[in-house]
Amino acid sequence: MRRILHQPYLEALDRFLKYTSKDPYSNCIEWTGATRKGYGQFGFRGTSKAVHRFSYEVFIGPIPAGYEINHKCRNKLCIAPDHLEALTPQQHQEVDRDLLRAGGKKGRRSQILKKALNASKLHQD
Ligand SMILES: [Zn+2]
């Protein structure tokens with residue numbers, strides 16, 4: 001996994017790695033900085049960038065146009081390069097659908113719970 005990094009990425013990498021922490025059990029490298037919708041966010045070149053995409057670009061390579069980054073470990077905060085893979089939106093949907101069937105972290109039960117939680121929030125005044 002050796003590649004020449006572009007300068008802006010190199011400069012940001014030290015700052016980036018300060019917000020990470022390795023989980024010795026899962027080998028996930030979790031983002032400890034700011035998040036939005038459950039995904040880590042990182043200020044890079046004047047914009048807010050998803051940290052798993054940043055990690056993929058730094059350690060693996062450019063993300064092909066239109067591709068999404070899937071967390072093979074199902075941990076949305078994970079930025080471990082070997083836990084990430086680039087998929088087309090269609091492949092990504094299929095992976096999620098399979099997980100839904102298998103009742104993984106993104107399974108039906110948690111979806112239903114989330115809906116109930118959101119509904120109860122809406123009724124609060
Ligand atoms: Zn992971």
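Residues numbered from 1 in each chain as written. Predicted model: local features only at pLDDT ≥ 70, side-chain atom pairs only at ≥ 80, totals over all residues.

Engineer: If you had to explain the overall build of the protein to someone new, which residues and values would you point to?
Structural biologist: A tally of regular secondary structure across the protein gives four helices and seven strands. In the protein, the order of α-helices and β-strands from amino to carboxyl end is α-β-β-β-β-β-α-β-β-α-α. Counting only residues that meet the buried cut, the protein has 15% of its 125 residues in that class. Restricting the contact set of the protein to residue pairs at least 6 apart, pairs at least 24 apart contribute 40%. (Helix = DSSP H or I, 4+ residues; strand = E, 2+ residues; numbered from the N terminus. Buried ≥ 20, exposed ≤ 12 C-beta atoms within 10 Å, placed from the backbone. Contact = placed C-beta atoms within 7 Å.)

Engineer: An account of the sheet that holds strand E3 (residues 35-36) is needed here, citing residue identities and associated values.
Structural biologist: Reading across from one edge, E3-E4-E5 is the order of the three strands in this open sheet, with antiparallel pairing throughout. The open sheet is flanked by E3 and strand E5 (47-50), the only strands paired with a single partner. Of the strands in this sheet, strand E4 (39-44) and E5 are in contact with helix H2 (residues 51-59), which crosses E4 at around 65°. (Pairing = 2+ DSSP bridges. Axes fitted to C-alpha atoms, helices over the stretch in contact; angles between N-to-C directions.)

Engineer: So what's going on with the pairing of E4? Which residues, and what values?
Structural biologist: For E3 and E4, the ladder comprises two bridges, and the chain directions are antiparallel. Residue pairing in the sheet places Arg36 in a bridge with Tyr39 of E4. Once E3 ends, the chain turns through two residues before running back antiparallel as E4, passing Lys37 with a positive phi of about 55°. Where E4 meets E5, four bridges bridge the pair, whose relative direction is antiparallel. Residue pairing in the sheet places Phe42 in a bridge with Lys49 of E5.

Engineer: Hey, could you go over the nonpolar core for me, with residue numbers and the actual values?
Structural biologist: Phe16, Cys28, Ile29, Trp31, Phe42, Ala50, Val51, Phe54, Leu77, Cys78, Ile79 and Ala80 form the largest nonpolar core, which has twelve residues in total. Within the residue set of this core, elements represented by two or more residues are strand E2 (29-31) and H2. (Core = buried A, V, L, I, M, F, W, Y, C linked by C-beta atoms within 7 Å.)

Engineer: Please set out H2 residue by residue, giving values where relevant.
Structural biologist: Three or four residues apart is the spacing at which side chains of an α-helix point the same way, because the helix has 3.6 residues per turn. By the burial criterion, the buried members of H2 are Val51, His52, Arg53, Phe54, Ser55 and Tyr56. Of the surrounding secondary structure, the elements contacted by the buried residues of H2 are helix H1 (7-17), E2, E4, E5, strand E6 (68-71) and strand E7 (84-87).

Engineer: Now, about unusual backbone geometry: what can you tell me, with residues and values included?
Structural biologist: Of note, Lys37 is a non-glycine position whose phi angle comes to about 55°, a positive value. Among the secondary structure elements, Lys37 is positioned in the loop between E3 and E4. Phi at Arg74 takes a positive value of approximately 65°, unusual for a residue other than glycine.

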